[in-house]
Number of protein chains: 2
Amino acid sequence: MSHVLILGGDGYLGWPTAMHFSARGYKVTVVDNYFRRHICDKLDVGMLYPIPTLVERARIWHKQTGYEIQVIIGDLIDPELMRSLFTGQNLNYQWPVNAKFAGSPETVVHYAEQPSAPYSLMNYKTANFTLSNNLLVTNNLMFAVKDLSPDTHIIKLGTMGEYGTPNIDIEEGWIDIKHKGREDRFLFPRQAGSIYHTSKIMDTDLMWFGCRTWGLKVTDLMQGPVYGMETSESIIDDRLKTIFNYDELFGTVINRFIVQAIVGHPLTVYGKGEQIRGYINIRDTLQCVHAAEKNPPKSGELNIYNQIMETFTVNQLAALIQEAAHNIGHNVEIEKVKNPRIEKEEHYYNPNYQGLINLGITPHYLTIDSVQKMIETVFKYREYIDTNVIRIGIQW
Amino acid sequence: MSHVLILGGDGYLGWPTAMHFSARGYKVTVVDNYFRRHICDKLDVGMLYPIPTLVERARIWHKQTGYEIQVIIGDLIDPELMRSLFTGQNLNYQWPVNAKFAGSPETVVHYAEQPSAPYSLMNYKTANFTLSNNLLVTNNLMFAVKDLSPDTHIIKLGTMGEYGTPNIDIEEGWIDIKHKGREDRFLFPRQAGSIYHTSKIMDTDLMWFGCRTWGLKVTDLMQGPVYGMETSESIIDDRLKTIFNYDELFGTVINRFIVQAIVGHPLTVYGKGEQIRGYINIRDTLQCVHAAEKNPPKSGELNIYNQIMETFTVNQLAALIQEAAHNIGHNVEIEKVKNPRIEKEEHYYNPNYQGLINLGITPHYLTIDSVQKMIETVFKYREYIDTNVIRIGIQW
């Protein structure tokens with residue numbers, strides 16, 4: 001069976017992706033340096049509930065299903081570690097004991113990046129960390145595949161945030177530009193709202209260089225904010241549930257509103273609230289990554305998909321969560337607060353996102369029902385909520 | 001008088017730029033980590049003639065003209081060093097002894113990058129170095145200016161190589177795109193031919209983020225390959241002449257052809273030789289940087305100029321240098337060799353470069369006469385030429 005290597009396998013998406021492929025018979029290896037855990041500890045912006053280590057999760061998964069997910073703990077900014085994942089040389093597995101190299105992976109899912117826009121803008125040090133981590137891990141991966149395993153398909157997470165909020169329709173990665181009577185095809189123009197999002201523009205540029213220069217095969221999934229905690233695999237054992245962050249650094253707006261609804265704090269809308277973004281359920285992320293794995297590009301091609309299933313304004317999200325909360329007995333207000341971010345609060349937004357639908361994805365939508373379920377899940381952990389972390393005051 | 005800070009002040013352009021501003025009464029501070037010298041030593045791809053250290057050059061300059069160029073030796077990948085250039089705190093001057101902080105600079109000229117495309121593609125380590133050096137120095141500069149001196153004008157060197165060779169006319173940095181009945185203005189689409197050139201796309205994206213988010217003032221000079229050694233200041237003393245590299249890493253095509261003509265080696269044209277690029281004389285680079293200094297953008301604006309004065313195919317350059325060499329008694333052949341690079345060898349190329357001309361630059365063109373003068377200058381050092389470094393075999 002095919003071997004899938006997941007970089008950043010301890011993260012919000014990494015662990016559910018590992019279980020998803022493992023449950024379907026793939027050989028799965030995960031690598032992580034625990035950055036997310038360490039930074040949450042260091043800045044005291046805890047996750048809602050404690051999460052077993054990656055090794056413990058692999059052990060629980062094995063016990064419950066019989067499947068083996070191989071675990072390596074290390075920092076992929078080290079090019080030698082990255083290269084060893086393709087050769088098996090000097091590879092230290094944390095789990096299982098006496099693991100054998102599963103061979104050079106047919107597919108790499110690259111999540112090993114610093115994913116927080118506010119973190120990237122705390123100060124020059126976190127900005128530098130974001131740029132160097134995200135660029136160097138991606139470059140290490142690109143060179144390892146070029147040098148050691150050129151047929152490997154790289155699935156890289158991008159973000160819809162790379163496009164920003166242009167005044168023209170957003171296409172899926174590419175645009176044909178007519179100019180003074182001539183024409184050419186280019187990457188869709190991108191200008192992002194944070195250093196993190198800018199680092200993702202750079203990643204895409206780097207991978208596109210690798211595709212057209214060395215014939216690499218890359219899929220770039222331009223994802224919107226993901227919501228949801230449960231997947232088909234996590235429901236087997238409560239300890240397999242993925243991370244839930246609701247703090248200003250790693251929590252996205254839907255998580256923040258859900259936690260605010262539970263503690264009875266007004267849902268805080270930044271600025272006018274007419275900022276539109278595309279959103280996706282975590283179950284659909286797994287469907288999309290799997291569909292990408294089954295449809296690798298040809299050598300030299302960069303396939304780009306816009307990985308969202310629907311769009312909402314912040315005001316619409318607030319209204320939806322207010323209503324869902326009300327239905328199950330939590331009455332909350334909506335409060336407009338000064339926007340800590342530099343962004344357009346009213347803008348045109350019309351992204352195309354048919355590519356993944358055409359590959360057969362069946363979307364889960366954000367409905368009153370699905371929000372109610374999320375509120376009910378989070379409500380179980382209401383005693384753990386630390387309201388101080390919802391707003392720690394990062395501005396840009 | 002205004003204070004100009006030159007990052008990468010020991011380089012091919014850095015030192016002539018320092019003398020240019022110093023001779024015109026500006027306070028000038030230069031910073032360098034001697035990367036270019038060290039890497040030329042390490043890889044044994046020497047410069048044509050020895051160059052005094054930056055401190056020695058500042059001393060000679062002072063002795064000959066009375067002007068003082070302050071020298072700091074250090075690595076700007078260290079954010080604390082970068083920040084100290086704007087505060088004066090803990091700043092260690094190499095020269096002059098007992099130097100006093102000249103105040104936060106009104107203008108920064110940022111040359112402190114790894115500028116070689118072949119070096120960036122030697123292997124994964126040099127690629128990583130190029131990305132981290134170029135991105136982190138730029139980011140350190142951006143944050144230092146934002147945090148400590150927001151009115152400072154940043155003049156950053158870009159490269160025409162960022163645009164690649166698109167099938168549409170190349171505008172000066174920006175393009176209005178009409179798409180499905182709507183319109184917006186974007187950075188001109190860029191896709192470059194090396195990791196180095198890709199790092200420059202990233203720099204531009206980073207600085208544009210800083211402009212629109214924090215109101216920085218940035219000029220980006222998209223320069224073509226520069227040729228020439230002598231400037232109005234260097235002719236005062238032979239030891240003030242800038243670096244001449246003719247090796248595969250740091251020498252550009254014009255330097256290589258001149259050295260080949262002198263040693264009687266055929267001028268080696270890569271592939272079909274119909275690759276077109278824009279070129280500029282080093283004297284014009286100085287004019288352009290000075291014009292940019294006198295015309296700072298408004299807060300929040302990124303001014304982009306295409307810094308070339310004419311375009312040539314490689315075949316045209318070879319023919320020009322062959323003729324000039326012939327006129328002064330060096331008969332050389334032209335030889336087409338297999339192209340070690342991945343690039344289009346026949347392509348459309350029509351860049352716009354009127355912006356700097358409109359600011360009053362008087363171009364120096366590459367003529368038979370000017371090539372003859374360069375051949376005569378290099379001929380003086382013919383005993384120093386090491387023909388082994390012209391082709392060391394880097395491929396991508």
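Our structure's up above, just so we're on the same page.
Calculation rules
- Residues numbered from 1 in each chain as written.
- Chains lettered and ligands numbered in written order.
- Predicted model: local features only at pLDDT ≥ 70, side-chain atom pairs only at ≥ 80, totals over all residues.
- Heavy atoms only, no water.
- Helix = DSSP H or I, 4+ residues; strand = E, 2+ residues; numbered from the N terminus.
- Rg over C-alpha atoms; globule rule 2.2 N^0.38 Å.
- Buried < 20%, exposed > 50% of the residue type's maximum accessible area, 1.4 Å probe, protein only.
- Contact = heavy atoms within 4.5 Å.
- Areas by Shrake-Rupley, 256 points an atom, 1.4 Å probe, with all protein chains shown as cover.
- Lys, Arg positive; Asp, Glu negative; His and termini not counted.
- Charge placed at Lys NZ, Arg CZ, Asp CG, Glu CD.
- Least-squares fit on C-alpha atoms with pLDDT ≥ 70 in both.
- Pairing = 2+ DSSP bridges.
- Phe/Tyr/Trp six-rings, centres within 6.5 Å; stacked < 30°, edge-to-face > 60°.
- Lys NZ or Arg CZ within 6 Å of the ring centre and 35° of its normal.
- Buried area = accessible area lost by both parts, 1.4 Å probe.
- Salt bridge = Lys/Arg side-chain N within 4 Å of Asp/Glu carboxyl O.
- Nonpolar A, V, L, I, M, F, W, Y, C, P; charged D, E, K, R; others polar.
- Polar contact = N/O pair within 3.5 Å; in protein donor to acceptor, adjacent residues only side chain to side chain.
- Axes fitted to C-alpha atoms, helices over the stretch in contact; angles between N-to-C directions.
- Expected span 1.5 Å × (residues − 1).
- Left-handed = near helix turned anticlockwise from the far one by under 90°.

**Thoughts on the overall build of chain A**
Thought 1: Along its length, chain A carries 12 helices and 14 strands.
Thought 2: The globule rule puts the C-alpha radius of gyration for 396 residues at 21 Å, and the 20 Å found for chain A is close to it.
Thought 3: Buried residues in chain A amount to 65% of all 396 residues.
Thought 4: Considering only intrachain contacts with a sequence separation of at least 6, the fraction spanning at least 24 residues in chain A is 80%.
Thought 5: Here chain A has roughly 14500 Å² of accessible surface; of this, 46% comes from carbon and sulfur atoms.
Thought 6: Of the side-chain charges in chain A, 37 are positive and 44 negative, and the distance between the mean point of each set is 3 Å.

**Considerations on the environment of B:Ala144**
Residue and element names in this part refer to chain B.
Thought 1: In this structure, Ala144 sits in helix H6 (residues 124-148).
Thought 2: Looking at Ala144, the relative accessible area reads 0%, which means it is buried.
Thought 3: With sequence-adjacent residues up to four places away left out, Ala144 is seen in contact with Met82, Arg83, Phe86 and Ser149.

**Examining the relation of the copies chain A and chain B**
Thought 1: Once chain A has been moved 0.0 Å along the axis and rotated by 180°, it coincides with chain B to within an RMSD of 0.0 Å. Taken together, the turn and the small shift mark the pair as related by a two-fold rotation axis.
Thought 2: Taken as a fraction of all interface residues of chain A, those also at the interface in chain B reach 100%, which identifies the copy contact as same-surface.

**Some points on the sheet that holds strand S9 (residues 226-227) of chain B**
Residues and elements named next belong to chain B.
Thought 1: Sheet architecture is open: three strands sit in the order S9-S11-S13, paired in mixed fashion. The open sheet has two free edges, formed respectively by S9 and strand S13 (310-313), since each of these has just one partner strand.
Thought 2: As paired strands, S9 and strand S11 (residues 276-281) are joined by two bridges and run parallel to one another. Considered in S11, the bridge of Tyr227 is made with Asn281.

**Observations regarding the packing of aromatic side chains**
Thought 1: The final tally for this structure, using the stated rule, is 24 aromatic pairs over all chains.
Thought 2: Their ring planes at 25° and their centres at 6.5 Å tell us that A:Phe244 and A:Tyr246 sit as a pair that is stacked. The residues A:Phe244 and A:Tyr246 share a single accessibility class, namely buried.
Thought 3: Ring centres 6.1 Å apart and planes at 55° place the aromatic pair B:Tyr279 and B:Phe312 in the tilted group. Here B:Phe312 lies in strand S13 and B:Tyr279 lies in strand S11, a separation of 33 residues in the sequence. The residues B:Tyr279 and B:Phe312 share a single accessibility class, namely buried.
Thought 4: An aromatic cluster is built from A:Phe35, A:Tyr119 and A:Phe129, whose rings are joined through pairwise contacts.
Thought 5: Over the aromatic face of B:Trp214 sits the side chain of B:Lys146, whose NZ or CZ is 4.9 Å from the ring centroid.
Thought 6: In this arrangement the basic side chain of B:Arg182 is found over the ring face of A:Tyr348, its NZ or CZ atom lying 3.4 Å from the centre.

**Considering the interface of chain A and chain B**
Thought 1: The interface is formed by 50 residues belonging to chain A together with 50 residues belonging to chain B.
Thought 2: Roughly 4700 Å² of surface becomes buried between chain A and chain B when both sides are summed, with 64% attributable to carbon and sulfur atoms.
Thought 3: Counting every contact that joins chain A to chain B gives two salt bridges.
Thought 4: Here A:Glu171 and B:Lys180 are joined by a salt bridge, their closest N and O atoms 2.7 Å apart.
Thought 5: Those elements giving two or more residues to the side of chain A that touches chain B turn out to be helix H4 (79-87), helix H6 (124-148), strand S6 (174-179), strand S7 (182-187) and helix H7 (195-214) of chain A.
Thought 6: Among the elements that line the side of chain A that touches chain B, the one with the most residues is H6(A), at 13 residues.
Thought 7: Class assignment for the residues of the side of chain A that touches chain B results in 26 nonpolar, 12 polar and 12 charged.

**Structural notes on the pairing of S6(A)**
Residues and elements named next belong to chain A.
Thought 1: Inspection of the sheet shows S6 paired to S7 by six bridges, in the antiparallel sense. Note that in S7 the partner of Trp174 across the bridge is Leu187.
Thought 2: Taking the residues between adjacent antiparallel strands as the criterion, S6 and S7 are bridged by two residues, where Lys180 takes a positive phi near 50°.

**Comments concerning the environment of B:Ser194**
Thought 1: Within the element layout of this structure, B:Ser194 appears in the loop between strand S7 (182-187) and helix H7 (195-214).
Thought 2: On the basis of relative accessibility, which here comes to 0%, the residue B:Ser194 falls in the buried class.
Thought 3: Note: C-alpha distance between B:Ser194 and B:Thr268 (74 residues apart in sequence) is 21 Å.
Thought 4: Here B:Ser194 is in contact with A:Phe209, B:Ala117, B:Ser120 and B:Leu121, once residues within four sequence places are set aside.
Thought 5: A polar atom in the side chain of B:Ser194 sits 2.8 Å from the side chain of B:His197.

**Some words on the sheet that holds strand S2 (residues 27-32) of chain A**
Residues and elements named next belong to chain A.
Thought 1: On the basis of which strands lie adjacent, the open sheet formed by seven strands has the order S3-S2-S1-S4-S5-S8-S12 and parallel pairing. Here the strands that pair on one side only, and so sit at the sheet edges, are strand S3 (69-73) and strand S12 (302-307). The average angle at which neighbouring strand axes cross in this sheet is 20°, direction not considered.
Thought 2: Here strand S1 (residues 3-7) runs beside S2; their pairing, made up of five bridges, is parallel. Bridge pairing in S2 places His3 opposite Lys27.
Thought 3: Lying on the sheet, helix H3 (residues 54-65) is in contact with S2 and S3; it crosses S3 at an angle near 170°.

**Describing helix H1 (residues 14-23) of chain B**
Residues and elements named next belong to chain B.
Thought 1: Of all 10 residues in H1, nine are buried, a share of seventy percent or more.
Thought 2: Among the residues of H1, those classed as buried are Gly14, Trp15, Pro16, Thr17, Ala18, Met19, His20, Phe21 and Ser22.
Thought 3: Contacts made by the buried residues of H1 are with strand S1 (3-7), strand S2 (27-32), helix H3 (54-65), strand S3 (69-73) and helix H9 (282-294).
Thought 4: Looking one or two residues beyond H1, the residue adopting positive phi is Gly25, at roughly 90°.

**Brief notes about H6(B)**
Thought 1: Here H6(B) is 25 residues long and its end C-alpha atoms lie 35 Å apart, about the 36 Å a rise of 1.5 Å per residue gives.
Thought 2: In terms of residue burial, H6(B) counts as a mostly covered element, since 20 of its 25 residues are buried.

**Some thoughts on the packing of helix H8 (residues 253-263) of chain A against helix H12 (residues 368-379) of chain A**
Residues and elements named next belong to chain A.
Thought 1: At their nearest, the axes of H8 and H12 sit 10 Å apart, and the two run at 65° to each other. Here H8 and H12 pass one another in a crossing that is right-handed. For the pair H8 and H12, contact is made by Ile254, Asn255, Ile258, Val259 and Ile262 and by Met374, Ile375, Val378 and Phe379, respectively.
Thought 2: In the contact of H8 with H12, the residues fall into eight nonpolar, one polar and no charged.

**Comments concerning unusual backbone geometry**
All names here are of chain A.
Thought 1: The linkage connecting Trp95 with the following residue, Pro96, adopts the cis geometry, with an omega of -10°.
Thought 2: Note on placement: Pro96 falls in the loop between H4 and strand S4 (107-110).
Thought 3: A positive phi angle, close to 60°, is found at Tyr34, a residue other than glycine.
Thought 4: When you line up the elements, Tyr34 lands in the loop between S2 and helix H2 (35-42).
Thought 5: Residue Tyr34 is classed as buried on the basis of its relative accessible area, which comes to 14%.

These values are about where atoms sit, not about what they do.
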